[in-house]
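In case you want the letters, here they are:
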Amino acid sequence: MAAPPERTIQDLNGVWTMNKSLSDDYDRILQMQGVSWFLRKAISYATITLTINQYVDDTAEKYTHIDIAQVATGGVGATQEKRLLDFTWREHQDRIFGKVKGKSRWIKLADIDEDDFLKTGYDDMEGEHVQALAESLDNGWTADQVWGFEQVDGKRHHVRHVIVRKGDDWKQARLVYDYRGPLEKKSDDDDDLAYGE
């Protein structure tokens, strides 16, 4: 489902599923990241859903937070990401990727020094985007992602351009996400957020 105009990189709040038919094949990236053949096979069949809660804190700096609950069907399981866009390294134990550290920030595409793949094709080429860097502390790879919105197959989608490097090798992929609906309260007494069509 196409992303509505109110969903922007400054407001990703909602539920998103990876559109595998529009996304690039990322099995080779997972292989480079040390993910086992068995788990990669499971991921290839899984439906991957992201529930995103994005907000600005009340500190003087007004930092943006992006909290993501990712669920993959087929027994792959769930992971949590809590991104603070202050570009400070933080360590995290990931269920799939092991021990990693990451940092995220707002960035203009013109300020990205990396490969053109990370900074081309977006609907908004002048505004800010999210850049998320990760480094494996166990397997020797690094990942650079830039998030934005693009017209894909004639519809507006949230996309992430990803480049993973390990030694002299590197792989890239564009991941495309369908908008599934807004966040909603499960009940009046429950602070948890759930998917609502």
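Look a little higher up for the structure.
Heads up: these notes are all about the structure in this document. By convention here, each chain's residues receive numbers from 1 onward along its written sequence. Local features are withheld for residues below a pLDDT of 70 in this predicted model, meaning they are given only at 70 or higher, and side-chain atom pairs are given and counted only at 80 or more; totals for whole chains, interfaces and linings count all residues. Only heavy atoms go into the side-chain values, all of them from the structure, while hydrogens and water stay out.

Here we look at the nonpolar core
We define a nonpolar core as any set of buried Ala, Val, Leu, Ile, Met, Phe, Trp, Tyr and Cys residues linked to one another through side-chain atoms lying within 4.5 Å. A simple rule labels every residue: compare its accessible area, found with a 1.4 Å probe on the protein chains alone, to the largest value its type can have, and call it buried under 20%, exposed over 50%, or partly exposed in between. Ranked by size, the top nonpolar core spans 34 residues in total, and within it Trp16, Tyr26 and Trp147 carry the most contacts. Between two residues, a contact is recorded if the distance between any of their heavy atoms is within 4.5 Å. Ignoring any residue separated from it by four or fewer positions in sequence, one finds tryptophan 147 in contact with Ile9, Leu12, Ile66, Ile68, Arg83, Tyr122, His129, Val130, Ala132, His158, Val159 and Arg160. Counting 11 residues, the second largest nonpolar core, distinct from the first, contains Ile107, Leu109, Leu118 and Tyr122.

Remarks on the environment of threonine 51
Structurally, threonine 51 is set in strand E2 (residues 48–56). Taking relative accessible area as the criterion, threonine 51 reaches 22% and is therefore assigned partly exposed. On a C-alpha basis, the gap between threonine 51 and isoleucine 68 in space is 5.6 Å, while along the polypeptide they are 17 residues apart. If we ignore the near neighbours within four places in the chain, the residues touching threonine 51 are Gly14, Val15, Asp67, Ile68, Ala69 and Leu183. Numbered from the N terminus, helices here are DSSP runs of H or I no shorter than four residues, and strands are runs of E no shorter than two.

A few points about the packing of aromatic side chains
Only Phe, Tyr and Trp rings are paired, with Trp represented by its six-membered ring, and only when their centres lie within 6.5 Å; those with planes under 30 degrees apart are stacked, over 60 edge-to-face, the remainder tilted. For the structure on display, the rule yields 3 aromatic pairs. The interplanar angle of 65° and the centroid separation of 5.0 Å between the aromatic rings of tryptophan 16 and tyrosine 179 together place this pair among those described as edge-to-face. Pair noted here: tryptophan 16 is in strand E1 (residues 14–18) and tyrosine 179 is in strand E10 (residues 169–181), with a separation of 163 residues, a long-range link. Comparing tryptophan 16 with tyrosine 179, the two get one shared label, buried. Linked through ring pairs, Trp16, Phe149 and Tyr179 together constitute an aromatic cluster. Taking the ring centre of phenylalanine 87 as reference, the NZ or CZ of arginine 105 above it sits at 3.9 Å. Two conditions define a charge sitting above a ring: the NZ of Lys or the CZ of Arg must be within 6 Å of the ring centre, and it must be within 35 degrees of the ring normal. Above the plane of the ring of tryptophan 147 lies arginine 160, whose end atom (NZ or CZ) is 3.7 Å from the centre.

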